[in-house]
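Structural overview for review
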Amino acid sequence: MGVALFWLLPEMQGFLGWPAAISWVGAGVVALAVIDRYVYPVCPACAPAHDHAHCETRLHGFALPLLAAAALHSALAGRDHPVLGPALLLGIAAHKVPEGLALGVIARASLAARWSALGWCVTAQAATLAGAVMELAFSPYLGTRGLYALLALAGGSFLYLGWHAIHGELRRSGPAPAFLPALTGMAGSTVLRLFVR
């Protein structure tokens, strides 16, 4: 949520203006909310119809949304930036190691077979290259404005996922365990935004 509010939204505003940036981010929130409610639950283990007693794995049902989100994230990480070029590439490469480890642990707990978890994680992370290729292919047709609009949609999806996590923790544990980690993460994003330009 902090990244979406304090990094993506200001970047979108700088190029699209406040009304368009807020509209596109809001559209991302609404799109993921509609998918969550009517198509497939963002967190299947949180869905009312999910029966934890019959789960074969600890995070049963979590693999599909997790891997889809990781693939989308990786595809967006593969987009180019006209100014940051090499620095952005180095940052993406550096964050792939801990991200890949975390994704692997969660995928392993979500899937019954170790090789299946590894294969799906590699596929999700390979979407970084696919994102770079897609940007090269489509940027002449979409233009910079279209690419920023797609990034704003992704930012809106981050906001929805963050709220979804806070809301679930709020129901389970109360306000302090729900909001303290969220506010800490948002504060960290804000501080980083002050020092990284």
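This text goes with the structure placed above it.
Quantities reported herein were computed from a predicted structural model and do not represent experimental measurements. (Residues numbered from 1 in each chain as written. Predicted model: local features only at pLDDT ≥ 70, side-chain atom pairs only at ≥ 80, totals over all residues. Heavy atoms only, no water.)

1. With respect to the overall build of the protein chain
Scanning the protein chain from N- to C-terminus turns up 6 helices and 0 strands. Reading the protein chain from its N terminus to its C terminus gives the helix and strand order α-α-α-α-α-α. Long-range contacts, defined here as pairs at least 24 residues apart, represent 71% of the contacts in the protein chain between residues at least 6 apart. Per element, the accessible surface of the protein chain, about 12,000 Å² overall, is 74% carbon and sulfur. (Helix = DSSP H or I, 4+ residues; strand = E, 2+ residues; numbered from the N terminus. Contact = heavy atoms within 4.5 Å. Areas by Shrake-Rupley, 256 points an atom, 1.4 Å probe, with all protein chains shown as cover.)

2. Observations regarding a nonpolar patch on the surface
A grouping of Val30, Val34, Ile35, Tyr38, Val39 and Tyr40 is seen on the molecular surface, where their side chains present a nonpolar patch of about 590 Å² in accessible area. On the secondary structure map, Val30 appears in helix α2 (residues 18–39). Of the residues examined, Val30 reaches a relative accessible area of 51% and is grouped as exposed. (Patch = residues over 30% accessible without salt bridge, like charges linked within 9 Å, V, L, I, M, F, W, Y side chains within 5 Å. Salt bridge = Lys/Arg side-chain N within 4 Å of Asp/Glu carboxyl O. Buried < 20%, exposed > 50% of the residue type's maximum accessible area, 1.4 Å probe, protein only.)

3. A short note on the environment of Met186
For Met186, the location among the structural elements is in helix α6 (residues 175–195). The spacing of Met186 and Ala4 is 182 residues in sequence and 9.4 Å in space, taken between C-alpha atoms. In contact with Met186, other than residues within four places in its own chain, are Met1, Gly2, Leu5 and Phe6.

4. Here's the deal with the nonpolar core
Soluble globular proteins tend to bury their nonpolar side chains together. Counting 12 residues, the largest nonpolar core consists of Ala4, Leu8, Leu9, Met12, Leu16, Ala20, Ala21, Val25, Tyr148, Leu151, Ala152 and Leu159. Mapped onto this core, the elements with two or more residues apiece are α1 (2–16), α2 and α5 (114–173). With 5 residues, the top contributor of residues to this core is α1. (Core = buried A, V, L, I, M, F, W, Y, C linked by side-chain atoms within 4.5 Å.)

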